[in-house]
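Structural overview
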Amino acid sequence: MAGEEKRPRPLVAGNWKMNGLRGALAEAKAVADALAAQPMPLAANVLICPPATLIMVMAEILRGSPVMFGAQDCHRAASGAHTGDISAEILADAGASAIVVGHSERRADHGETDAVVRAKQAAVHRAGLTAIVCIGETAGQRLAGQTLDVVVRQLDRSVADGSTAANTVVAYEPVWAIGTGLTPTVGDVALVHGAIRDRLVERFGKEGHVMRILYGGSVKPQNARELMHVANVDGALVGGASLKAADFLGILAAYG
Ligand code: 13P
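Counting restarts for each chain: residues are numbered from 1 in the order of the written sequence. Totals for whole chains, interfaces and linings use all residues, but because this is a predicted model, local features are given only for residues with pLDDT of at least 70 and pairs of side-chain atoms are given and counted only at 80 or more. The side-chain values count all of the structure's non-hydrogen atoms but skip hydrogen atoms and water molecules.

Further remarks concern helix α7 (residues 147–158). By definition, any uninterrupted DSSP run of H or I lasting at least four residues is a helix, any uninterrupted run of E lasting at least two residues is a strand, and each is numbered from the N terminus. What a helix should span is 1.5 Å times the count of its residues minus one. The end-to-end C-alpha distance of α7 is 16 Å, a good match for the 16 Å that 12 residues give at a rise of 1.5 Å each. The set of residues buried in α7 consists of T147, V150, V151, Q154, L155 and S158. Each buried residue of α7 sits inside an arc of 130 degrees when the element is viewed along its axis, so together they form one side. A contact between two residues is defined here by any heavy atoms of the two lying within 4.5 Å. Among the structural elements, α4 (104–110), α5 (114–126), β5 (130–135), α6 (139–143), β6 (168–172) and α8 (186–204) are those in contact with the buried residues of α7. Exposure is judged per residue with a 1.4 Å probe applied to protein chains only, and the accessible area is read against the type maximum: over 50% gives exposed, under 20% gives buried, and values in between give partly exposed. The arc in question is traced by the directions running from the helix axis to the C-beta atoms.

So this is what it looks like as structure tokens:
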């Protein structure tokens, strides 16, 4: 689609998943300190999504730093009798600025459907935060040649009408690339991100041109530069390599 639109500022988000004791806060601090010491500001926004227990402490540690922090999931309701769950409002109160919804691990471990993900996205918006909505095909679906169908269907059903570039980020994470060290070719990434962009523009017009589309799945310092320069890749959602400051900074260097 037309490429004259202003490109969005990239976002590199670290998803710590179910990792992170208090000691891990030193890694977040090291990232913030290293970025502060750089002569040139980074050409990307940076977000870290630790386990919910660390969010309030992270607010202290990252005070005054451009590094933002967020959460990995939320309940659809604002409050109430939902033992063990956490709402977008509670996460906003703790200082989160974004919440990942619909990660393939939530879809697989907790049976989250596209409809559930869409409800969670609405909850994130209700709380005034940015939703990072994850989509991506399994290995079987890729082998069956269904990648684009699956991804566009998930996009249609998981991202609500009325979403904007300010409150919504799409993350394309092929399930088979998560934690495996495998990545699609840059050609395949370009194809899928191009299809996502086309659909976003079809649905959201101008907003669709500037809605960020992150790539996730085995992003490492070694492949970040190549992956981050593919057309319609507006940043990364990073799992394992976001746990160590040196690795995460290595990825951020693609925008340095
Ligand atoms: P890895 O970077 O460990 O492959 O994880 C990707 C991911 O699932 C981020 O949400």
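With that out of the way, let us pick up the pairing of β6. Two faces make up the sheet, and in a regular strand the side chains alternate between them. Counted residue by residue, β6 has 5 buried out of 5 residues, so it is predominantly covered. At least two DSSP bridges between two strands are required for those strands to pair. Of the strand pairs in this sheet, β6 and strand β7 (residues 212–216) are connected by 4 bridges, and their pairing is parallel. Directly across from V169, in β7, lies its bridge partner R212.

Quick look at the site of the ligand now. Taken together, 13 residues sit near the ligand, with K17, H103, G179, S218 and G240 positioned nearest. Think of a polar contact as two N or O atoms within 3.5 Å of one another; within protein, one of them needs to be a possible hydrogen donor and the other a possible acceptor, and neighboring residues in sequence only count if both atoms come from side chains. One of the side-chain nitrogen or oxygen atoms of K17 is found 2.8 Å away from an oxygen atom of the ligand. Interatomic distance of 2.7 Å between a side-chain N/O atom of H103 and an oxygen atom of the ligand. Residue composition of the shell around the ligand, by class: 4 nonpolar, 7 polar and 2 charged. Residues are counted as near a molecule or strand when any one of their heavy atoms sits within 4 Å of it. Under the scheme applied, nonpolar residues are Ala, Val, Leu, Ile, Met, Phe, Trp, Tyr, Cys and Pro; charged residues are Asp, Glu, Lys and Arg; polar residues are all the others, including Gly.

Attention now goes to the pairing of β7. Where burial is concerned, most of β7 is hidden: 5 out of the 5 residues are buried. Here β7 shows two buried faces, one formed by R212, L214 and G216 and the other by I213 and Y215. Of the pairings in the sheet, the one linking β7 to strand β8 (residues 235–238) comprises 2 bridges and is parallel in character. When the bridges of β8 are listed, Y215 appears paired with A236. For the handedness criterion, the strands are oriented away from the viewer, and a crossover whose path from the first strand over the helix to the second runs clockwise is classed as right-handed. In this region the chain leaves β7, passes through helix α10 (residues 221–228) and returns to the parallel neighbour β8; the handedness of that crossover is right-handed.

Another point: the side chain of E173. Secondary-structure assignment places E173 in the loop between β6 and α8. Within the local environment of E173, its side chain forms a polar contact with the side chain of H103, the two groups lying 3.0 Å apart.

Another point: the environment of A253. Along the chain, A253 falls in the segment after α11 (245–252). Spatially, the C-alpha atom of A253 lies 33 Å from that of E89, the residues being 164 residues apart in sequence.

Turning next to the sheet that holds strand β4 (residues 98–101). With respect to topology, 8 strands assemble into a closed barrel ordered β1-β2-β3-β4-β5-β6-β7-β8, the strand pairing being parallel. Strand after strand, the sheet turns through a mean of 25 degrees between neighbouring axes, direction not considered. In this fold α7 packs onto β5 and β6, with an angle of close to 150 degrees to the strand it touches most, β5. Interaxial angles span 0 to 180 degrees and are taken between N-to-C directions of axes, which are lines fitted to C-alpha atoms, for helices over the stretch in contact.

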